[in-house]
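Chain and residue survey
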Amino acid sequence: MLSIAICDDQQDSLETIEEELHRSSKNLNVEIETHLYTDGNDMLELMKNNKDYFDVVFLDIDMPDMDGISYARSIKKKYPLSRIIFVSYRSDLVFDAIQVFPFSFVRKEKMNKELPMVLEEICELEKDKKKMLKINEQFSLPVNRICYIEKRGSYAHIYTENNVYKLRKSLSNIFDFMNSHFVYINKGTIVNMKYVNEYQKENII
């Protein structure tokens, strides 16, 4: 089941997004649970108190108290694996939204076409959570737990939140096995973008 939060200051938009999500989920044969918020602060408070966790968060960008980009930044600090999707009429704000590495951007005027495509992509990526990288004969590592991989000599050093593993393979061979969240940031390093909060010139946080 996917736990989904929808935050929009307009009640009618909330209901439209929720209706489209449930329609699309039925077509994809995927079970979802939706939580609606007209106030982003209520959603943040719930998440900060560790009372809930959302796999996916649909955010309006243009809201009265605080813009959706700021909400997204706060969510990513605590839950970097939550997928942020901006839903807005403001297509001119797409480039501003990129700074928080959203999963996608859905235009409200084209929601019935774009939202099902986004949900289908999320469902496909959820399947990747079952993908395992074989470290040795006795142990395989879930790909979604890998933060980044760094080449050192003959070994690839694989970093998770708590451990480092060594694998005698080339980065190119490992990269071929990774899902779409992994990218090269230089010739010797592969990063899982799900763990990236922001970048500052040559630094990635």
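The coordinates are above.
This text gives an overview of the structure that appears in the document. Just so we're clear, the structure is a prediction, and the values are computed from it rather than from any experiment.

**Re unusual backbone geometry**
- At asparagine 29, a position not held by glycine, the phi torsion is positive, near 60°.
- With respect to the secondary-structure elements, asparagine 29 resides in the loop between helix H1 (11-28) and strand E2 (32-37).
- With relative accessibility at 73%, the residue asparagine 29 sits in the exposed group.
- A positive phi angle, near 50°, is found at phenylalanine 101, a position not held by glycine.
- The residue phenylalanine 101 is located in the loop between helix H4 (94-97) and strand E5 (104-107) in this model.

**Considering the pattern of salt bridges**
- Evaluated as defined, the whole model comprises five salt bridges.
- When the shortest N-O distance is used, the salt bridge between aspartate 60 and lysine 108 registers 3.9 Å. Of this pair, aspartate 60 sits in the loop between strand E3 (56-59) and helix H3 (68-78) while lysine 108 is found in the loop between E5 and helix H5 (111-128), placing the two residues 48 residues apart along the sequence. For the residue pair aspartate 60 and lysine 108, the accessibility class agrees, reading buried in each case.
- Each of Asp8, Asp60 and Lys108 takes part in salt bridges that share partners, so that together they form one network.

**Considerations on the packing of aromatic side chains**
- Tallied over the full model, the rule gives four aromatic pairs.
- Summarising the aromatic geometry, the rings of tyrosine 148 and tyrosine 159 are spaced 4.3 Å apart at their centres and angled 10° between planes, so their arrangement reads as stacked. You can see tyrosine 148 sitting in strand E8 (residues 148-152) and its partner tyrosine 159 sitting in strand E9 (residues 155-159), a full 11 residues away along the chain.
- Relative accessible area serves as the criterion here: at 31%, tyrosine 148 is assigned to the partly exposed category.
- What makes tyrosine 159 buried here is its relative accessible area of 13%.
- Positioned above the aromatic ring of tyrosine 155 is the side chain of arginine 168, whose terminal nitrogen or guanidinium carbon lies 5.3 Å from the ring centre.

**Observations concerning a nonpolar patch on the surface**
- On the surface, Ile185, Tyr199 and Ile204 cluster together into a nonpolar patch covering about 290 Å² of accessible area.
- Position of isoleucine 185 relative to the elements: it lies in strand E11 (residues 182-186).

**As for the pairing of E8**
- Direction of pairing for E8 relative to E9: antiparallel, over a ladder of five bridges. Residue pairing for E9: isoleucine 149 is matched across the bridge by isoleucine 158.
- Taking the residues between adjacent antiparallel strands as the criterion, E8 and E9 are bridged by two residues, where glycine 153 takes a positive phi near 65°.

**Section: the sheet that holds E2**
- Pairing within the open sheet is parallel, and its five strands lie in the order E2-E1-E3-E4-E5. Lying at the two open borders of the sheet, with one neighbouring strand each, are E2 and E5. Along the sheet, successive strands turn relative to each other by an average axial angle of 20°, direction set aside.
- Here strand E1 (residues 2-7) runs beside E3; their pairing, made up of four bridges, is parallel. Residue cysteine 7 lies in a different strand from E3, and its bridge partner there is leucine 59.
- Across the sheet, H1 touches E1, E2, E3 and strand E4 (83-88), and the angle it forms with E2 is around 175°.

Definitions and cut-offs
Residues numbered from 1 in each chain as written. Predicted model: local features only at pLDDT ≥ 70, side-chain atom pairs only at ≥ 80, totals over all residues. Heavy atoms only, no water. Helix = DSSP H or I, 4+ residues; strand = E, 2+ residues; numbered from the N terminus. Buried < 20%, exposed > 50% of the residue type's maximum accessible area, 1.4 Å probe, protein only. Salt bridge = Lys/Arg side-chain N within 4 Å of Asp/Glu carboxyl O. Phe/Tyr/Trp six-rings, centres within 6.5 Å; stacked < 30°, edge-to-face > 60°. Lys NZ or Arg CZ within 6 Å of the ring centre and 35° of its normal. Patch = residues over 30% accessible without salt bridge, like charges linked within 9 Å, V, L, I, M, F, W, Y side chains within 5 Å. Areas by Shrake-Rupley, 256 points an atom, 1.4 Å probe, with all protein chains shown as cover. Pairing = 2+ DSSP bridges. Axes fitted to C-alpha atoms, helices over the stretch in contact; angles between N-to-C directions. Contact = heavy atoms within 4.5 Å.

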